[in-house]
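Commentary on secondary and tertiary structure
What follows is each chain in one-letter form.
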Amino acid sequence: MSMSVAVSRRQLETGRTSGFDVDKIRVEFPILRERVHGRPLVYLDNAATSQKPDAVIDATSNYYRHTNANIHRGVHLLSQRATEEYEAARGAVQAFLNASDPREIVFVRGATEAINLVAQSYGRTHVGRGDEVLITAMEHHSNIVPWQLLCEEKGAILRVAPINDAGELITSEFDKLLTPRVKIVAVSHVSNALGSINPVKEIVRKAHALKIPVLIDGAQAAPHLAVDVRDLDCDFYAFSSHKVYGPTGIGVLYGRAALLEAMPPYQGGGDMISSVTFEKTLYNKIPHKFEAGTPDIAGVIGLGAAIAWVGNLGIRAIGAHEHSLLAYATKVIGAIPGVRLIGTAREKAGVLSFLIEDIHPHDIGTILDQEGIAVRTGHHCAQPVMERFNIPATVRASFAAYNTLEEIDALARGIEKVREVLG
Ligand code: 7TS
(Lines give C-alpha, C1' and ligand atoms only; values in the text may rest on other atoms or scores of the structure.)
Protein backbone atom coordinates (compact mmCIF):
# COMPACT_ATOMS: atom_id res chain seq x y z
CA MET A 1 0.00 0.00 0.00
CA SER A 2 3.01 2.25 0.10
CA MET A 3 2.52 5.41 -1.90
CA SER A 4 5.48 6.81 -3.72
CA VAL A 5 6.61 10.17 -2.46
CA ALA A 6 9.59 10.28 -4.81
CA VAL A 7 9.65 13.77 -6.19
CA SER A 8 12.35 15.61 -8.10
CA ARG A 9 13.59 19.04 -7.20
CA ARG A 10 12.65 20.35 -10.63
CA GLN A 11 9.14 19.02 -10.31
CA LEU A 12 8.81 20.58 -6.85
CA GLU A 13 9.56 23.95 -8.30
CA THR A 14 7.62 23.80 -11.52
CA GLY A 15 4.92 21.21 -10.86
CA ARG A 16 3.63 18.27 -12.82
CA THR A 17 0.30 19.70 -13.88
CA SER A 18 -0.12 22.61 -16.20
CA GLY A 19 -2.48 25.39 -15.21
CA PHE A 20 -3.43 26.22 -11.67
CA ASP A 21 -7.09 25.30 -11.14
CA VAL A 22 -8.12 26.42 -7.68
CA ASP A 23 -11.58 24.80 -7.95
CA LYS A 24 -9.96 21.43 -8.59
CA ILE A 25 -7.55 21.98 -5.73
CA ARG A 26 -10.38 22.80 -3.32
CA VAL A 27 -12.09 19.48 -4.01
CA GLU A 28 -9.03 17.73 -2.61
CA PHE A 29 -9.51 19.38 0.81
CA PRO A 30 -12.48 17.76 2.57
CA ILE A 31 -12.53 20.32 5.38
CA LEU A 32 -13.34 23.08 2.89
CA ARG A 33 -16.82 21.55 2.60
CA GLU A 34 -17.47 22.23 6.31
CA ARG A 35 -19.97 24.89 7.26
CA VAL A 36 -19.29 27.30 10.10
CA HIS A 37 -22.24 28.93 11.86
CA GLY A 38 -24.33 27.77 8.91
CA ARG A 39 -22.05 29.41 6.34
CA PRO A 40 -19.40 28.05 3.98
CA LEU A 41 -16.00 28.01 5.65
CA VAL A 42 -13.65 30.76 4.49
CA TYR A 43 -10.36 29.59 5.91
CA LEU A 44 -7.84 32.43 6.05
CA ASP A 45 -5.72 31.26 8.98
CA ASN A 46 -3.11 29.37 7.00
CA ALA A 47 -0.12 30.94 8.72
CA ALA A 48 -1.29 29.23 11.91
CA THR A 49 -1.82 25.91 10.14
CA SER A 50 -2.83 24.88 6.65
CA GLN A 51 -5.59 22.39 5.83
CA LYS A 52 -4.74 18.91 4.57
CA PRO A 53 -5.51 17.35 1.17
CA ASP A 54 -6.88 13.81 0.79
CA ALA A 55 -3.41 12.67 -0.30
CA VAL A 56 -2.00 13.53 3.13
CA ILE A 57 -4.96 12.23 5.12
CA ASP A 58 -4.88 8.99 3.13
CA ALA A 59 -1.11 8.53 3.46
CA THR A 60 -1.39 8.88 7.23
CA SER A 61 -4.37 6.57 7.59
CA ASN A 62 -2.93 4.03 5.13
CA TYR A 63 0.20 3.89 7.22
CA TYR A 64 -1.86 2.93 10.28
CA ARG A 65 -4.07 0.56 8.27
CA HIS A 66 -1.41 -1.27 6.31
CA THR A 67 2.10 -0.55 7.51
CA ASN A 68 2.20 0.38 11.19
CA ALA A 69 5.40 -0.93 12.80
CA ASN A 70 8.40 0.63 14.46
CA ILE A 71 11.24 1.71 12.21
CA HIS A 72 14.95 0.94 12.03
CA ARG A 73 14.69 -2.14 14.22
CA GLY A 74 12.52 -4.96 12.94
CA VAL A 75 13.47 -7.74 10.54
CA HIS A 76 9.80 -8.28 9.82
CA LEU A 77 8.15 -7.02 6.66
CA LEU A 78 6.02 -4.28 8.19
CA SER A 79 8.98 -2.77 9.99
CA GLN A 80 11.00 -2.79 6.81
CA ARG A 81 8.13 -1.20 4.92
CA ALA A 82 7.66 1.47 7.59
CA THR A 83 11.40 2.21 7.55
CA GLU A 84 11.40 2.50 3.76
CA GLU A 85 8.46 4.90 3.76
CA TYR A 86 9.96 6.96 6.57
CA GLU A 87 13.31 7.25 4.79
CA ALA A 88 11.61 7.94 1.46
CA ALA A 89 9.96 10.95 3.10
CA ARG A 90 13.41 12.13 4.18
CA GLY A 91 14.38 12.00 0.51
CA ALA A 92 11.31 14.07 -0.39
CA VAL A 93 12.29 16.71 2.19
CA GLN A 94 15.84 16.69 0.85
CA ALA A 95 14.47 17.49 -2.62
CA PHE A 96 12.07 20.08 -1.16
CA LEU A 97 14.98 22.00 0.40
CA ASN A 98 17.49 21.04 -2.30
CA ALA A 99 19.83 19.72 0.39
CA SER A 100 22.81 17.80 -0.94
CA ASP A 101 22.52 14.86 1.44
CA PRO A 102 19.56 13.11 3.17
CA ARG A 103 21.70 12.94 6.33
CA GLU A 104 21.22 16.69 6.61
CA ILE A 105 17.48 16.26 7.21
CA VAL A 106 16.54 15.76 10.87
CA PHE A 107 12.92 15.05 11.77
CA VAL A 108 11.75 16.97 14.81
CA ARG A 109 8.41 18.06 16.23
CA GLY A 110 8.25 21.32 14.35
CA ALA A 111 10.09 24.58 13.70
CA THR A 112 10.05 25.25 17.44
CA GLU A 113 11.88 22.05 18.28
CA ALA A 114 14.32 22.55 15.39
CA ILE A 115 15.37 25.94 16.77
CA ASN A 116 15.59 24.63 20.33
CA LEU A 117 17.76 21.78 19.07
CA VAL A 118 20.23 24.19 17.49
CA ALA A 119 20.22 26.53 20.50
CA GLN A 120 20.81 23.68 22.92
CA SER A 121 23.23 21.56 20.91
CA TYR A 122 25.15 23.99 18.72
CA GLY A 123 24.52 26.99 20.96
CA ARG A 124 25.64 25.46 24.23
CA THR A 125 28.86 24.28 22.58
CA HIS A 126 29.76 27.50 20.81
CA VAL A 127 28.23 30.39 22.74
CA GLY A 128 29.98 31.53 25.92
CA ARG A 129 30.09 34.43 28.37
CA GLY A 130 30.03 37.79 26.63
CA ASP A 131 29.31 36.25 23.21
CA GLU A 132 26.32 37.45 21.22
CA VAL A 133 23.38 35.89 19.40
CA LEU A 134 21.85 38.09 16.68
CA ILE A 135 18.17 37.94 15.74
CA THR A 136 15.71 40.49 14.30
CA ALA A 137 12.81 42.44 15.74
CA MET A 138 10.29 40.50 13.65
CA GLU A 139 10.91 37.03 15.07
CA HIS A 140 8.25 34.62 16.29
CA HIS A 141 8.65 33.75 19.99
CA SER A 142 10.04 30.38 18.83
CA ASN A 143 13.07 32.18 17.44
CA ILE A 144 13.49 34.42 20.49
CA VAL A 145 12.95 32.39 23.65
CA PRO A 146 15.31 29.46 22.86
CA TRP A 147 18.11 32.02 22.38
CA GLN A 148 17.16 33.86 25.57
CA LEU A 149 17.37 30.58 27.49
CA LEU A 150 20.80 29.96 25.99
CA CYS A 151 22.04 33.49 26.68
CA GLU A 152 20.77 33.35 30.26
CA GLU A 153 22.57 30.08 30.88
CA LYS A 154 25.81 31.17 29.25
CA GLY A 155 25.97 34.84 30.22
CA ALA A 156 25.71 35.74 26.52
CA ILE A 157 23.87 38.70 25.02
CA LEU A 158 20.89 38.65 22.66
CA ARG A 159 21.13 41.40 20.02
CA VAL A 160 18.08 42.44 18.02
CA ALA A 161 18.29 44.10 14.61
CA PRO A 162 15.48 46.65 14.24
CA ILE A 163 12.77 46.94 11.57
CA ASN A 164 11.31 50.03 9.89
CA ASP A 165 7.70 51.26 9.78
CA ALA A 166 6.95 49.06 6.79
CA GLY A 167 8.11 46.01 8.73
CA GLU A 168 11.36 45.55 6.83
CA LEU A 169 14.68 44.68 8.39
CA ILE A 170 16.93 47.76 8.52
CA THR A 171 19.94 46.13 6.94
CA SER A 172 22.36 48.94 7.80
CA GLU A 173 21.52 48.41 11.49
CA PHE A 174 21.80 44.65 11.09
CA ASP A 175 25.25 45.13 9.54
CA LYS A 176 26.36 47.22 12.53
CA LEU A 177 25.31 44.48 14.93
CA LEU A 178 27.02 41.76 12.92
CA THR A 179 30.41 41.75 14.66
CA PRO A 180 32.89 38.97 15.50
CA ARG A 181 31.25 38.77 18.95
CA VAL A 182 28.19 37.18 17.31
CA LYS A 183 28.41 33.39 17.44
CA ILE A 184 25.19 32.63 15.57
CA VAL A 185 22.59 34.58 13.57
CA ALA A 186 18.98 33.37 13.72
CA VAL A 187 16.51 35.06 11.42
CA SER A 188 13.07 34.36 9.98
CA HIS A 189 12.80 33.91 6.24
CA VAL A 190 9.24 35.31 6.29
CA SER A 191 7.62 37.10 9.26
CA ASN A 192 4.43 35.46 10.48
CA ALA A 193 2.91 38.70 11.81
CA LEU A 194 3.88 41.02 8.93
CA GLY A 195 4.57 38.79 5.94
CA SER A 196 7.90 40.53 5.26
CA ILE A 197 10.45 38.44 3.35
CA ASN A 198 13.94 38.89 4.74
CA PRO A 199 17.01 39.12 2.49
CA VAL A 200 18.30 35.87 3.93
CA LYS A 201 20.80 35.10 1.19
CA GLU A 202 22.46 38.45 1.76
CA ILE A 203 22.42 37.90 5.50
CA VAL A 204 24.13 34.53 5.10
CA ARG A 205 26.74 36.01 2.79
CA LYS A 206 27.61 38.77 5.26
CA ALA A 207 27.63 36.45 8.28
CA HIS A 208 29.82 33.91 6.50
CA ALA A 209 32.32 36.63 5.69
CA LEU A 210 32.84 36.70 9.47
CA LYS A 211 32.57 32.89 9.74
CA ILE A 212 29.30 33.18 11.67
CA PRO A 213 26.73 30.42 11.04
CA VAL A 214 23.12 31.30 10.20
CA LEU A 215 19.89 29.58 11.17
CA ILE A 216 16.86 30.47 9.07
CA ASP A 217 13.41 30.04 10.58
CA GLY A 218 11.50 29.00 7.48
CA ALA A 219 8.16 28.22 9.14
CA GLN A 220 6.37 30.87 7.04
CA ALA A 221 8.53 30.56 3.94
CA ALA A 222 8.42 26.84 3.18
CA PRO A 223 4.69 26.95 2.28
CA HIS A 224 5.12 29.81 -0.20
CA LEU A 225 8.65 30.05 -1.62
CA ALA A 226 10.98 27.64 -3.39
CA VAL A 227 13.58 27.12 -0.66
CA ASP A 228 17.05 26.10 -1.78
CA VAL A 229 19.39 25.67 1.17
CA ARG A 230 22.39 25.26 -1.10
CA ASP A 231 21.66 28.48 -2.94
CA LEU A 232 20.98 30.29 0.35
CA ASP A 233 24.14 28.66 1.73
CA CYS A 234 22.55 28.69 5.20
CA ASP A 235 23.79 26.41 7.97
CA PHE A 236 20.43 25.52 9.50
CA TYR A 237 16.88 25.77 8.15
CA ALA A 238 13.76 25.01 10.21
CA PHE A 239 10.15 24.44 9.14
CA SER A 240 6.95 22.74 10.29
CA SER A 241 5.01 20.13 8.33
CA HIS A 242 1.61 21.42 9.43
CA LYS A 243 1.99 24.74 7.62
CA VAL A 244 2.90 22.94 4.36
CA TYR A 245 -0.29 20.84 4.06
CA GLY A 246 1.26 18.06 6.19
CA PRO A 247 0.32 16.62 9.58
CA THR A 248 0.86 18.34 12.91
CA GLY A 249 3.56 17.13 15.30
CA ILE A 250 6.32 16.87 12.75
CA GLY A 251 8.90 19.26 11.36
CA VAL A 252 12.34 19.49 9.92
CA LEU A 253 15.74 20.76 10.84
CA TYR A 254 18.11 20.99 7.92
CA GLY A 255 21.69 21.21 9.11
CA ARG A 256 24.92 21.28 7.17
CA ALA A 257 26.37 17.76 7.56
CA ALA A 258 29.74 18.88 8.96
CA LEU A 259 28.00 20.95 11.65
CA LEU A 260 25.52 18.22 12.60
CA GLU A 261 28.33 15.70 12.81
CA ALA A 262 30.29 17.89 15.22
CA MET A 263 27.26 18.75 17.40
CA PRO A 264 26.44 16.82 20.57
CA PRO A 265 23.08 15.01 20.78
CA TYR A 266 20.06 17.02 21.87
CA GLN A 267 18.19 14.16 23.54
CA GLY A 268 19.28 10.68 24.58
CA GLY A 269 17.37 7.47 24.00
CA GLY A 270 16.75 4.68 21.54
CA ASP A 271 17.76 4.96 17.89
CA MET A 272 20.30 7.74 18.53
CA ILE A 273 23.04 5.37 19.75
CA SER A 274 25.32 2.87 18.09
CA SER A 275 26.27 1.14 21.35
CA VAL A 276 25.53 1.66 25.04
CA THR A 277 27.41 0.51 28.12
CA PHE A 278 27.21 2.13 31.53
CA GLU A 279 30.74 3.39 30.99
CA LYS A 280 30.41 4.85 27.52
CA THR A 281 27.77 5.34 24.87
CA LEU A 282 28.66 5.76 21.23
CA TYR A 283 26.23 7.82 19.21
CA ASN A 284 24.59 6.87 15.97
CA LYS A 285 25.44 8.60 12.70
CA ILE A 286 23.55 11.71 11.60
CA PRO A 287 20.66 12.27 11.24
CA HIS A 288 19.74 9.43 13.64
CA LYS A 289 21.90 10.93 16.39
CA PHE A 290 19.24 13.66 16.63
CA GLU A 291 16.18 11.40 16.39
CA ALA A 292 16.03 9.80 19.83
CA GLY A 293 13.09 7.51 20.52
CA THR A 294 10.26 6.36 18.28
CA PRO A 295 9.50 9.30 16.02
CA ASP A 296 6.18 10.44 14.60
CA ILE A 297 6.35 7.86 11.82
CA ALA A 298 2.86 8.58 10.50
CA GLY A 299 3.65 12.29 10.59
CA VAL A 300 6.82 11.87 8.58
CA ILE A 301 5.03 9.74 5.99
CA GLY A 302 2.24 12.33 5.85
CA LEU A 303 4.82 15.08 5.34
CA GLY A 304 6.31 13.08 2.48
CA ALA A 305 2.85 12.93 0.91
CA ALA A 306 2.38 16.68 1.48
CA ILE A 307 5.62 17.44 -0.33
CA ALA A 308 4.59 15.17 -3.20
CA TRP A 309 1.27 17.05 -3.30
CA VAL A 310 3.06 20.40 -3.41
CA GLY A 311 5.31 18.97 -6.12
CA ASN A 312 2.30 18.15 -8.23
CA LEU A 313 1.30 21.80 -8.38
CA GLY A 314 4.80 23.20 -8.09
CA ILE A 315 5.77 25.56 -5.29
CA ARG A 316 6.30 28.39 -7.77
CA ALA A 317 2.72 28.11 -9.04
CA ILE A 318 1.43 28.01 -5.44
CA GLY A 319 3.52 31.06 -4.55
CA ALA A 320 2.34 32.95 -7.63
CA HIS A 321 -1.32 32.20 -6.85
CA GLU A 322 -0.88 33.36 -3.25
CA HIS A 323 0.90 36.44 -4.47
CA SER A 324 -2.09 37.44 -6.58
CA LEU A 325 -4.37 36.82 -3.59
CA LEU A 326 -2.16 39.03 -1.42
CA ALA A 327 -2.03 41.78 -4.05
CA TYR A 328 -5.82 41.70 -4.44
CA ALA A 329 -6.42 41.62 -0.67
CA THR A 330 -3.99 44.48 -0.10
CA LYS A 331 -5.89 46.58 -2.65
CA VAL A 332 -9.44 45.65 -1.61
CA ILE A 333 -9.04 45.45 2.15
CA GLY A 334 -6.56 48.34 2.23
CA ALA A 335 -9.13 50.59 0.48
CA ILE A 336 -11.83 50.06 3.13
CA PRO A 337 -12.17 53.27 5.19
CA GLY A 338 -10.73 52.84 8.68
CA VAL A 339 -8.52 49.89 7.75
CA ARG A 340 -4.84 50.22 8.60
CA LEU A 341 -2.45 47.65 7.17
CA ILE A 342 0.37 46.53 9.47
CA GLY A 343 3.33 45.30 7.47
CA THR A 344 3.75 46.93 4.08
CA ALA A 345 7.16 45.59 3.12
CA ARG A 346 8.03 45.64 -0.58
CA GLU A 347 8.73 41.90 -0.46
CA LYS A 348 5.90 40.00 1.22
CA ALA A 349 4.44 36.52 1.27
CA GLY A 350 1.19 35.04 2.42
CA VAL A 351 0.06 37.43 5.16
CA LEU A 352 -2.19 40.50 5.47
CA SER A 353 -2.25 41.97 8.99
CA PHE A 354 -4.56 44.87 9.69
CA LEU A 355 -6.57 46.91 12.18
CA ILE A 356 -9.98 48.56 11.76
CA GLU A 357 -10.32 51.97 13.42
CA ASP A 358 -9.80 51.35 17.12
CA ILE A 359 -11.91 48.21 17.26
CA HIS A 360 -10.23 45.45 19.20
CA PRO A 361 -9.00 42.67 16.87
CA HIS A 362 -10.62 40.05 19.08
CA ASP A 363 -14.05 41.60 18.46
CA ILE A 364 -13.34 41.75 14.73
CA GLY A 365 -12.37 38.07 14.73
CA THR A 366 -15.54 37.13 16.58
CA ILE A 367 -17.81 38.87 14.09
CA LEU A 368 -15.89 37.44 11.12
CA ASP A 369 -16.23 33.98 12.66
CA GLN A 370 -20.02 34.42 12.69
CA GLU A 371 -19.71 34.98 8.93
CA GLY A 372 -17.80 31.71 8.55
CA ILE A 373 -14.47 33.50 8.10
CA ALA A 374 -11.50 32.14 10.05
CA VAL A 375 -8.70 34.64 10.66
CA ARG A 376 -6.24 34.90 13.50
CA THR A 377 -6.38 37.77 15.92
CA GLY A 378 -3.85 38.55 18.63
CA HIS A 379 -0.12 39.10 18.87
CA HIS A 380 0.66 36.04 16.70
CA CYS A 381 3.39 34.92 19.12
CA ALA A 382 5.36 37.96 18.03
CA GLN A 383 4.77 40.38 20.92
CA PRO A 384 7.90 42.44 20.15
CA VAL A 385 6.46 43.15 16.68
CA MET A 386 3.26 44.47 18.29
CA GLU A 387 5.37 46.59 20.62
CA ARG A 388 7.34 47.96 17.66
CA PHE A 389 4.09 49.19 16.08
CA ASN A 390 2.68 50.19 19.44
CA ILE A 391 -0.45 48.08 19.04
CA PRO A 392 -1.78 45.23 21.17
CA ALA A 393 -2.73 42.90 18.35
CA THR A 394 -3.75 42.64 14.71
CA VAL A 395 -6.24 40.75 12.60
CA ARG A 396 -4.34 38.47 10.26
CA ALA A 397 -5.61 36.92 7.04
CA SER A 398 -3.14 34.43 5.58
CA PHE A 399 -3.34 32.56 2.30
CA ALA A 400 -2.82 29.10 0.86
CA ALA A 401 -3.07 27.34 -2.48
CA TYR A 402 -6.82 26.71 -2.11
CA ASN A 403 -7.91 30.28 -1.32
CA THR A 404 -9.83 32.31 -3.87
CA LEU A 405 -10.46 35.93 -4.80
CA GLU A 406 -14.13 35.35 -3.82
CA GLU A 407 -12.98 34.52 -0.30
CA ILE A 408 -11.19 37.85 -0.12
CA ASP A 409 -14.41 39.53 -1.26
CA ALA A 410 -16.16 37.66 1.55
CA LEU A 411 -13.58 39.01 3.98
CA ALA A 412 -14.17 42.54 2.66
CA ARG A 413 -17.94 42.10 3.22
CA GLY A 414 -17.21 40.77 6.71
CA ILE A 415 -15.16 43.86 7.48
CA GLU A 416 -18.01 46.09 6.31
CA LYS A 417 -20.25 44.20 8.71
CA VAL A 418 -17.76 44.76 11.54
CA ARG A 419 -17.78 48.48 10.79
CA GLU A 420 -21.61 48.53 10.80
CA VAL A 421 -21.82 46.71 14.12
CA LEU A 422 -18.85 48.18 15.99
CA GLY A 423 -17.56 51.14 13.98
N1 7TS B 1 8.50 30.52 13.35
C2 7TS B 1 7.56 31.21 12.71
C3 7TS B 1 7.97 32.34 11.80
C4 7TS B 1 6.22 30.87 12.88
O5 7TS B 1 5.29 31.57 12.22
C6 7TS B 1 5.87 29.81 13.73
C7 7TS B 1 4.44 29.44 14.01
C8 7TS B 1 6.90 29.10 14.36
C9 7TS B 1 8.20 29.50 14.15
C10 7TS B 1 6.63 27.95 15.23
O11 7TS B 1 6.14 26.89 14.49
P12 7TS B 1 5.59 25.58 15.24
O13 7TS B 1 4.97 24.79 14.17
O14 7TS B 1 6.79 24.92 15.85
O15 7TS B 1 4.61 26.06 16.26
N16 7TS B 1 3.53 30.48 13.75
C17 7TS B 1 2.23 30.49 14.06
C18 7TS B 1 1.40 31.55 13.71
O19 7TS B 1 1.75 32.54 13.09
N20 7TS B 1 0.15 31.30 14.18
O21 7TS B 1 0.17 30.11 14.80
C22 7TS B 1 1.46 29.61 14.73
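Nothing here was measured: the structure is a model prediction, and the numbers come from that model.

**Notes on the environment of Tyr-254**
Note on placement: Tyr-254 falls in strand E10 (residues 251-255). Expressed as a C-alpha distance, the spacing of Tyr-254 and Val-229, which sit 25 residues apart in the sequence, is 8.3 Å. Ignoring any residue separated from it by four or fewer positions in sequence, one finds Tyr-254 in contact with Leu-97, Ala-99, Glu-104, Ile-105, Val-229, Cys-234, Asp-235, Phe-236 and Tyr-237.

**Thoughts on the sheet that holds strand E16 (residues 376-378)**
Spatially, the four strands line up as an open sheet ordered E13-E14-E17-E16, and their pairing is antiparallel. The sheet is open, and its two edges are formed by strand E13 (339-342) and E16, each paired on a single side. Each strand axis lies, on average, 30° off the axis of its neighbour in the sheet, ignoring direction. In this sheet, strand E17 (residues 394-398) lies alongside E16 in antiparallel orientation, the contact comprising three bridges. Bridging across to E17, Thr-377 finds its partner in Val-395. Sitting on the sheet, helix H12 (residues 315-334) is in contact with E13 and strand E14 (351-356), with an inclination near 10° to E14. In the packing of helix H15 (residues 405-422) onto the sheet, the strands contacted are E13, E14 and E17, and the crossing angle to E14 comes to about 15°.

**As for the packing of aromatic side chains**
For the structure shown, the criterion picks out nine aromatic pairs. Between Tyr-86 and Phe-107, the ring centres sit 5.4 Å apart and the planes meet at 65°, which makes this aromatic pair edge-to-face. A residue pair is termed long-range when its members are at least 10 positions apart, and Tyr-86 in helix H4 (residues 77-97) and Phe-107 in strand E4 (residues 105-108) qualify at 21 residues. A ring pair is formed by Tyr-122 and Phe-236, whose centres lie 5.8 Å apart and whose planes are at 65°; its orientation type is edge-to-face. Here the residue Tyr-122 occupies a position in helix H5 (residues 111-126), and Phe-236 occupies one in strand E9 (residues 236-240), the gap between them amounting to 114 residues. Per residue, the accessibility class of Tyr-122 equals that of Phe-236, and both read buried.

**Here's the deal with the nonpolar core**
In terms of nonpolar packing, the biggest core is built from 81 residues, with Leu-97, Val-185, Tyr-237 and Tyr-245 touching the most fellow members. Ranked by residue count, the leading element in this core is helix H11 (residues 297-313), at eleven residues. If sequence neighbours within four positions are ignored, Leu-97 has contacts with Arg-9, Ile-105, Val-227, Asp-228, Val-229, Tyr-237, Phe-239, Val-252 and Tyr-254. With 30 residues, the next largest nonpolar core counts Tyr-122, Ala-186, Leu-253 and Ala-257 among its residues.

Cut-offs and rules
Residues numbered from 1 in each chain as written. Predicted model: local features only at pLDDT ≥ 70, side-chain atom pairs only at ≥ 80, totals over all residues. Heavy atoms only, no water. Helix = DSSP H or I, 4+ residues; strand = E, 2+ residues; numbered from the N terminus. Contact = heavy atoms within 4.5 Å. Pairing = 2+ DSSP bridges. Axes fitted to C-alpha atoms, helices over the stretch in contact; angles between N-to-C directions. Phe/Tyr/Trp six-rings, centres within 6.5 Å; stacked < 30°, edge-to-face > 60°. Buried < 20%, exposed > 50% of the residue type's maximum accessible area, 1.4 Å probe, protein only. Core = buried A, V, L, I, M, F, W, Y, C linked by side-chain atoms within 4.5 Å.

None of the figures reported here should be taken as evidence of function without further support.
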